[in-house]
Amino acid sequence: MSNEQPIGFIDSGVGGLTVVKEALRQLPNENIIYLGDTARCPYGPRPAEQVIEFTWQMTNFLLDKKIKMLVIACNTATAVALEEIKEKLPIPVVGVILPGARAAVKATKSQRIGVIGTQGTIKSGAYEKAIRLKTSKSDVFSLACPKFVPIVESNEYRSSVAKKIVAETLLPLKNKQVDTLVLGCTHYPLLRPIIQNVMGNVRLIDSGAETVGEVSMLLDYFDIAHLSDNKKPQRAFYTTGSTRLFDEIANDWLDIEIAAKHIDLGGKN
Ligand code: DGL
């Protein structure tokens, strides 16, 4: 049976669009609703309780839209809120950390894995835990990169300033001889060419893109995929911030015409 209900994606801003990009490729039939809490981005430096509160507000907005599955397309929110939300929701809820950790364990040959993410994600130790539970053989080197998300949100991710900041920030990881580096924040794939250039011959893992493989599998497992028909798939984008900046980044990144709607989640900033 075909299920036409949309899949919901949430992030603190435009980062989750890197997950949507992969979903458009792997799951072209699916109807999609995206919400970016741009007005309160970044989540990275915020206390865990606040990130949990904001994540619930986004989740409730999408539940009203009758989503059939929720993808927490944000590592910072996944690290602190996934378990709680998963437990309380009657629909499947997917986070981005386990798929990223799994892909890193699969990819590494030297057993030296780097992880970059927001302060919140790195402080939570969620990647180390996820990797260690799968293998005790790997060494994990984690680094918070708090300057990366603001560069992406301001649509500066191809600028010379971005190159300078990425090179300076990643310096401490350069001598750790990692062969695999997890982009543990869904904003970072927009900086991927620059990160690759700085890190050289290191395999980059896009946690969000890995997640879509899991989403695809779960749709089949629960028998809730939208099977091919003649209908044009619906895509709706919402932001709590500026629609102009959101559309600029989304159009550039997804290569489709997007007109996001502005919404207010009503909470505090
Ligand atoms: N895109 C997010 C992540 O994956 C959050 C970035 C932020 O708001 O700090 O962690």
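Bear in mind that the values here come from a model prediction, so they are computed numbers and not experimental data. (Residues numbered from 1 in each chain as written. Predicted model: local features only at pLDDT ≥ 70, side-chain atom pairs only at ≥ 80, totals over all residues. Heavy atoms only, no water.)

Colleague: So, the overall build of the protein: which residues are in play, and what are the values?
Modeller: Regarding its fold elements, the protein presents 11 helices and 10 strands. Radius of gyration (C-alpha) of the protein: 18 Å, near the 18 Å computed for a compact globule of 269 residues. Dimensions of the protein, computed from the C-alpha atoms along their principal axes, are close to 50 × 40 × 35 Å. Within the protein, contacts between residues separated by at least 24 positions form 75% of all contacts whose residues are at least 6 apart in sequence. Of the accessible surface of the protein, which amounts to about 12,200 Å², a share of 52% is contributed by carbon and sulfur atoms. (Helix = DSSP H or I, 4+ residues; strand = E, 2+ residues; numbered from the N terminus. Rg over C-alpha atoms; globule rule 2.2 N^0.38 Å. Contact = heavy atoms within 4.5 Å. Areas by Shrake-Rupley, 256 points an atom, 1.4 Å probe, with all protein chains shown as cover.)

Colleague: Provide a residue-level description of unusual backbone geometry, including the pertinent values.
Modeller: For residues other than glycine, phi is negative in most cases, and the peptide bonds are mostly trans. Residue Pro42 is reached from Cys41 by a cis peptide bond, and omega for that bond is 5 degrees. Its place among the elements puts Pro42 in the loop between strand E2 (32-36) and helix H2 (48-64). A positive phi is found at Gln177, a non-glycine position, where the angle reads about 50 degrees. When its relative accessible area of 60% is taken as the criterion, Gln177 is described as exposed. Positive phi, normally seen in glycine, also occurs at Asp255, with a value near 60 degrees. (Buried < 20%, exposed > 50% of the residue type's maximum accessible area, 1.4 Å probe, protein only.)

Colleague: Give a description of the nonpolar core that names residues and reports values.
Modeller: Counting residues in each nonpolar core, the largest one holds 57 residues, and the members touching the most others are Phe9, Ile116, Phe148, Leu170, Leu191 and Ile195. Grouped together as the second largest cluster of nonpolar side chains are 26 residues, Tyr43, Val51, Cys74 and Ile263 included. (Core = buried A, V, L, I, M, F, W, Y, C linked by side-chain atoms within 4.5 Å.)

Colleague: Describe the pattern of salt bridges, and please don't skip the residues or the numbers.
Modeller: Summed over all chains, the structure comprises eight salt bridges. For the salt bridge of Arg102 with Glu214, the shortest nitrogen-to-oxygen distance reads 2.6 Å. Residue Arg102 is found in helix H4 (residues 97-107), and its partner Glu214 is found in helix H10 (residues 207-221); the two are separated by 112 residues along the sequence. Take Glu214: its relative accessible area is 16%, and that puts it in the buried class. (Salt bridge = Lys/Arg side-chain N within 4 Å of Asp/Glu carboxyl O.)

Colleague: Residues and numbers for the sheet that holds strand E1 (residues 7-11), please.
Modeller: Strand order in this open sheet of six strands is E4-E3-E1-E2-E9-E10, and the pairing throughout is parallel. Two strands lie at the open edges of the sheet, namely strand E4 (93-95) and strand E10 (261-262), each paired on one side alone. Pairing geometry for E1 and E2, over five bridges, is parallel. Counterpart to Ile7 in the pairing with E2 is Ile32. In this fold H2 packs onto E1, E2, strand E3 (69-72) and strand E9 (235-239), with an angle of close to 155 degrees to the strand it touches most, E1. Lying over the sheet, helix H3 (residues 75-88) contacts E3 and E4, oriented at roughly 160 degrees with respect to E4. (Pairing = 2+ DSSP bridges. Axes fitted to C-alpha atoms, helices over the stretch in contact; angles between N-to-C directions.)

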